[in-house]
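Here is what each chain is made of, one letter per residue.
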Amino acid sequence: MDVQTAEDRALDAAEDLFYRRGVHAVGMDDIRDTSRVSLKRLYQLFPNKERLVTAFLQRRDVRWRGGLTDHVARVEDPRERLLAVFDWLRTWFVDPDYRGCAWINCFGELGATSPAVAEEVRTHKEGFRRLLRDLSAAAGYDDDLAEQLLILAEGAIVTAAITGDPAAAHQARAAAGKLLG
């Protein structure tokens, strides 16, 4: 098996297992068994579990922000793009595999003990913040609005995960609409 295939399979397995069960509950043997990549190859690709976690978060970040960006780009009105963020969140929340925010989950498990994971989480959250700032500026609003929308979105993400109710996206969207005036 070539290096790229092995890496993709390992990351696919890590994403599925870490997101579903949590990082601490998943060992490298579980990644090996699910990915069908030997432990020797896994450790060649990812010298330790922390490196596998950060790689999984990096790859997920690209897809997550890419999906959100693509969704809002389909909306013409800049103000409506801000609200479309919450529509996209709802589509995520109704996914039967939804387990909350992978970055918040990983931070909760490893943030205090892994500076690399904590930094990866901060990088993701800052990327989300920049996206909201860009959308706010394009709609004629300031960074304060973007910060308020970020808090609404993050709160909806956590609330939907804890309650299992995707309505958190609708409630956050309604609050965002009031902020927009």
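Residues numbered from 1 in each chain as written. Predicted model: local features only at pLDDT ≥ 70, side-chain atom pairs only at ≥ 80, totals over all residues. Heavy atoms only, no water.

1. Section: the UniProt feature "domain: HTH tetR-type" (unreviewed entry) in the protein
According to UniProt, the feature "domain: HTH tetR-type" (unreviewed entry) maps to residues 4–64 in the numbering used here. Along residues 4–64 the backbone is 80% helical and 0% strand, and the end-to-end C-alpha distance reaches 21 Å. (UniProt positions renumbered as here; feature names shortened; annotations may be inferred. Helix = DSSP H or I, 4+ residues; strand = E, 2+ residues; numbered from the N terminus.)

2. Focus: the packing of helix α8 (residues 143–163) against helix α9 (residues 167–180)
In the contact formed by α8 and α9, the axes pass within 9 Å of each other and the chain directions differ by 165 degrees. In this view, α8 runs roughly antiparallel relative to α9, as classed from their interaxial angle. Here α8 and α9 pass one another in a crossing that is right-handed. For the pair formed by α8 and α9, the contact residues are L145, Q148, L149, L152, A156, T159 and A160 on the first element and A168, A169, A172, A175, A176, L179 and L180 on the second. (Axes fitted to C-alpha atoms, helices over the stretch in contact; angles between N-to-C directions. Parallel < 35°, antiparallel > 145°, perpendicular 65-115°, else oblique. Left-handed = near helix turned anticlockwise from the far one by under 90°. Contact = heavy atoms within 4.5 Å.)

3. Notes on the packing of aromatic side chains
Evaluation of the coordinates by the stated rule reveals nine aromatic pairs. Judged by centre distance (5.9 Å) and plane angle (40 degrees), the rings of W92 and F93 are tilted. Side by side, W92 and F93 carry an identical accessibility label, which is buried. Pairing W92 with Y98 gives two aromatic rings, centres 4.9 Å apart and planes at 80 degrees, and the pair type is edge-to-face. (Phe/Tyr/Trp six-rings, centres within 6.5 Å; stacked < 30°, edge-to-face > 60°. Buried < 20%, exposed > 50% of the residue type's maximum accessible area, 1.4 Å probe, protein only.)

4. Details of the UniProt feature "DNA-binding region" (unreviewed entry) in the protein
Per the UniProt record, the feature "DNA-binding region" (unreviewed entry) sits at residues 27–46. For residues 27–46, the end-to-end C-alpha separation is 13 Å, with 75% helix and 0% strand making up the annotated structure.

5. Topic: unusual backbone geometry
Here R36, not a glycine, exhibits a phi torsion of approximately 60 degrees, which is positive. Mapped onto the elements of the fold, R36 is located in the loop between α2 (28–35) and α3 (39–45). What makes R36 exposed here is its relative accessible area of 60%.

6. Some points on α2
All of the buried residues along α2 are M28, I31 and S35. All buried residues of α2 fall inside an arc of 55 degrees around its axis, so they share one side. Residues of α2 that are buried in the fold lie against α1 (3–21), α3 and α4 (49–73). Phi turns positive, to about 60 degrees, at R36, one or two residues after α2. (Arc of directions from axis to C-beta.)

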